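# An overview of the molecular structure
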Amino acid sequence: MPLTDDSLHRPTTTGAPSELRGTPVVPGVAYGPVIRPAPRPDLPTEHATVPDTAREAEAERFVTAAGAVAKRLRDRASAASGAASEVLLANAGLAEDRGWIGAATGRIRGGSDAVAAAIATTEQFATMFTRLGGLMAERVTDLRDIRDRVVAELSGHPEPGIELPDVPSVLLAEDLAPADTAGLDPTRIVGLATTLGGPTSHTAIIARQLGIPCVVATTGLDAVPAGTPVLLDGSTGEIRTDPDPNAANAAVATDRQERARAAAWTGPGATADGHPIAILANVQDGAGARAARQTPAEGVGLFRTELCFLDRDIEPSVADQAGIYAEVLTAYAGRKVVVRTLDAGSDKPLRFVTHPDEHNPALGVRGIRIGATAPGILGRQLDAVAEAAARTGQSPWVMAPMISTVAEAADFAAQVRARDLVPGVMVEVPAAALLADRILEHVEFLSIGTNDLGQYTMAADRMSPQLATLTDPWQPAVLALVARTADAGRAAGKPVGVCGEAAADPLLACVLTGLGVTSLSCAAAAVAAVGARLATVTLDRCRSAADAALAASDPAAAREAVARVLG
Ligand code: PEP
Ligand code: MG
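The structure presented is a predicted model; accordingly, all values stated were derived computationally and were not measured.

## So, helix α19 (residues 539–551)
Between its first and last C-alpha, α19 extends 18 Å over 13 residues, near the 18 Å set by a 1.5 Å rise per residue. Every buried residue belonging to α19 is among Leu539, Cys542, Ala545, Ala546, Ala548 and Ala549, and all of these are buried.

Right, dumping it as structure tokens:
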């Protein structure tokens, strides 16, 4: 139902800018009144000492509250699917974490009340996680979210989070706890914008899965009061306050037509004039691969194996690994599957790999470099992939992350070929893009990881919300390296795909095609939109779009120029 002036309660927007801009992460247009998450509970700063005789009961009260929070998250996980369900389950696990519960009940037995123990223990763990950095540091938001839920439960307050609005609304927030994002109802929350977050943040990943148009790293959101009508464009990153209602409803209607076209697209990937571009899915386990199979994705372009083992204390055996890899191969029997070897370290530390204490882990021992601190781990993983291949009769391609020299590529390729598998490497480091021609003498394919290629080209942490403009995959410098890599592939007659988040942006997918990449691999939820958009443009148009993007000076100019070329 189109929104009319009357269905929007108009607050005073004096002082709110009429146009805000952030980093677009999930395409789509949304129009509706602004809502904001319910405030978090006030955390008391003064606490009474619990008398000796009441301490056991107080500890019990804490354990019951944490259990209730975990149960609610698990219930919501069963009602959700894919990444959303996984995030909710992971957070339920945090609420029940034995270390966290043990430390909190220890404090209570020392005289602390349950609320004080929840607050102090959370800060103790947050400091530890922050010191570990990377993915662990990211979990601090999750942990504080669990603390707020447990404190609300202990204090008899309603659970903090997002109330279901009566009319389709646009949610504006500083940042969202993953548990909040994962529980969003896309029929009521039609758009989402945050002040923090980046293109690869939890919020972006889940919003993409739920199909909610989303903009992150937006400045000025605080000045927009709840109830203000806004028009949000998840393709351009633009958020307009108080737009003309007719124009806004027309923009939503056009977007809906495009989404319908995407829903009707069944593949295989090709431009309007029949130039084939395989559209593949990024997955992290068998369940993800089976879910991707329900979309038109033609295969798996990136199987992030390290994500299968984030919760393991010891290295999984070859047989154990083979079983997991075989699940993905079975889901895509007879189709292309590209397995990436463990990309451990930096934002994805694995407990069974020794990660040195580094000042700058993104530039440290990660990806292929872990061979130095974890001898034999790559060989055992390749044995497991070979075993999975033998069990399923499949012939997977295998690629290494974070390759920066020709020698690394050659050494990896030899180990892969020795096991009758097809070797390739990721291009995530500018050095690999610059020497792509020489690397291609040793491997059968390249896959460009634009998330890291952006981070290393722009010298900007991909996790930093402040640097989201720099890590925008539309950066012309990054596109120039993609072009160089694709040229090398064309000259060698070998495939060059893109498997970073850039491939999930339908407009950018046309540019990448024009630059000469041969496949695009993205979140399963983005596959249809990418394929449908590509099917509307000819290869020549894609090439003109690529030229326009390369000639631009910044991401916004590149987007505008490409939108003009592609219409
Ligand atoms: C990338 O860097 O673009 C990529 C696909 O790898 P990851 O996001 O897992 O680092
Ligand atoms: Mg990467």
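Following the structure, the description resumes.
## Considering the sheet that holds strand β8 (residues 238–241)
Across the sheet, eight strands lie side by side as β1-β8-β7-β3-β4-β5-β6-β2; this open sheet has mixed pairing. Either end of the sheet is taken by a strand with one partner, and the two such strands are β1 (19–21) and β2 (23–26). Taking the axes of each pair of neighbouring strands and ignoring which way they run, one obtains an average angle of 30° across the sheet. As paired strands, β2 and strand β6 (residues 214–216) are joined by three bridges and run antiparallel to one another.

## Brief notes about the nonpolar core
By size, the foremost hydrophobic cluster in this structure holds 98 residues, and its most contacted members are Leu446, Val511, Leu512 and Leu520. It is helix α11 (residues 377–392) that contributes the most residues to this core, eight residues altogether. For leucine 520, the residues in contact, after removing those within four places along its chain, are Ile277, Ala278, Ile279, Leu280, Val498, Ala503, Ala509, Leu512, Thr513, Val530 and Leu534. Core analysis: the next-biggest nonpolar cluster, separate from the first, contains 35 residues, Ala70, Val87, Ile101 and Ala179 among them.

## Focus: the pairing of strand β3 (residues 29–35)
Of all the seven residues making up β3, seven are buried; the element is thus mostly covered by neighbouring parts of the structure. With five bridges joining them, β3 and strand β7 (residues 229–233) adopt antiparallel strand pairing. Among the inter-strand pairings, proline 33 is bridged to a residue of β7, identified as proline 229. With two bridges joining them, β3 and strand β4 (residues 169–173) adopt parallel strand pairing. By the bridge assignment for β4, isoleucine 35 is matched with leucine 171.

## Thoughts on the domain arrangement of the chain
Partitioning the chain into structural domains gives domain 1 (6–38 + 162–261), domain 2 (52–155) and domain 3 (271–566). Centre-to-centre, using C-alpha coordinates, domain 1 lies 30 Å away from domain 2. The interface of domain 1 with domain 2 comprises 11 residues on the first partner and 14 residues on the second. Across the domain 1-domain 2 interface, the total number found is zero salt bridges. Where domain 1 meets domain 2, there are zero residue pairs in polar contact (both at pLDDT 80 or more). Breaking the side of domain 1 that touches domain 2 down by element, the ones donating at least two residues are α6 (178–182) and α7 (202–210). Of the residues belonging to the side of domain 1 that touches domain 2, the class tally is six nonpolar, three polar and two charged.

## Description of the environment of isoleucine 189
Along the polypeptide, isoleucine 189 turns up in strand β5 (residues 189–194). When its relative accessible area of 1% is taken as the criterion, isoleucine 189 is described as buried. As for isoleucine 189 and alanine 152, which are separated by 37 residues in sequence, their C-alpha atoms are 24 Å apart. Sequence-distant contacts of isoleucine 189, that is, excluding residues within four places in its chain, are made with Ile35, Ile162, Pro165, Ser169, Leu171, Leu184 and Ile212.

## Some thoughts on the pairing of strand β11 (residues 337–340)
Within a regular strand, the side chains alternate between the two sheet faces. Burial along β11 is two-sided: Val337 and Val339 facing one way and Val338 and Arg340 facing the other are all buried. Both strand β10 (residues 300–304) and β11 contribute to a ladder of three bridges, which runs parallel. Looking across to β11, one finds that arginine 304 is bridged to arginine 340. Handedness of the crossover joining β10 and β11 through helix α10 (residues 318–331): right-handed. Where β11 and strand β12 (residues 397–400) come together, three bridges link them in parallel fashion. Across the sheet, residue valine 338 finds its bridge partner in β12, namely tryptophan 397.

Cut-offs applied
- Every chain is numbered on its own, with residues counted from 1 as its sequence reads.
- The lettering of chains begins at A and the numbering of ligands begins at 1, in the order of writing.
- Under the rules for a predicted model, residues below a pLDDT of 70 receive no local features and side-chain atom pairs below 80 are neither given nor counted, while totals for whole chains, interfaces and linings still include all residues.
- Side-chain numbers come from the whole structure's heavy atoms, not from hydrogens or water.
- For the purposes of this entry, the term helix denotes a DSSP run of H or I that reaches at least four residues, the term strand denotes a run of E that reaches at least two, and both are numbered from the N terminus.
- Multiplying one less than the number of residues by 1.5 Å gives the expected span of a helix.
- Whether a residue is buried, partly exposed or exposed follows from its accessible area with a 1.4 Å probe, protein chains only, as a fraction of its type maximum: under 20%, in between, or over 50%, in that order.
- Strand pairing is assigned whenever DSSP identifies at least 2 bridges connecting the two strands.
- Under this scheme, a helix contributes an axis fitted over its contacting stretch, all axes are lines through C-alpha atoms, and angles between N-to-C directions fall in the 0 to 180 degree range.
- What is meant by a nonpolar core is a set of buried Ala, Val, Leu, Ile, Met, Phe, Trp, Tyr and Cys residues, joined one to another through side-chain atoms within 4.5 Å.
- Residue contacts are defined here by distance: any two heavy atoms, one from each residue, within 4.5 Å place the two residues in contact.
- Note that the domain bounds reflect an automated or database-derived domain assignment.
- Within this document, salt bridges are pairs made up of a side-chain nitrogen of Lys or Arg and a carboxyl oxygen of Asp or Glu, the two lying within 4 Å of each other.
- A 3.5 Å cut-off defines polar contacts: any pair of N or O atoms within that distance qualifies, except that in protein one atom must be a possible hydrogen donor and the other a possible acceptor, and neighbouring residues in sequence count only when both atoms are side-chain atoms.
- Each residue is assigned to one of three groups, with Ala, Val, Leu, Ile, Met, Phe, Trp, Tyr, Cys and Pro labelled nonpolar, Asp, Glu, Lys and Arg labelled charged, and all others, Gly among them, labelled polar.
- Seen with its strands pointing away from the viewer, a crossover is right-handed if its path from the first strand over the helix to the second goes clockwise.

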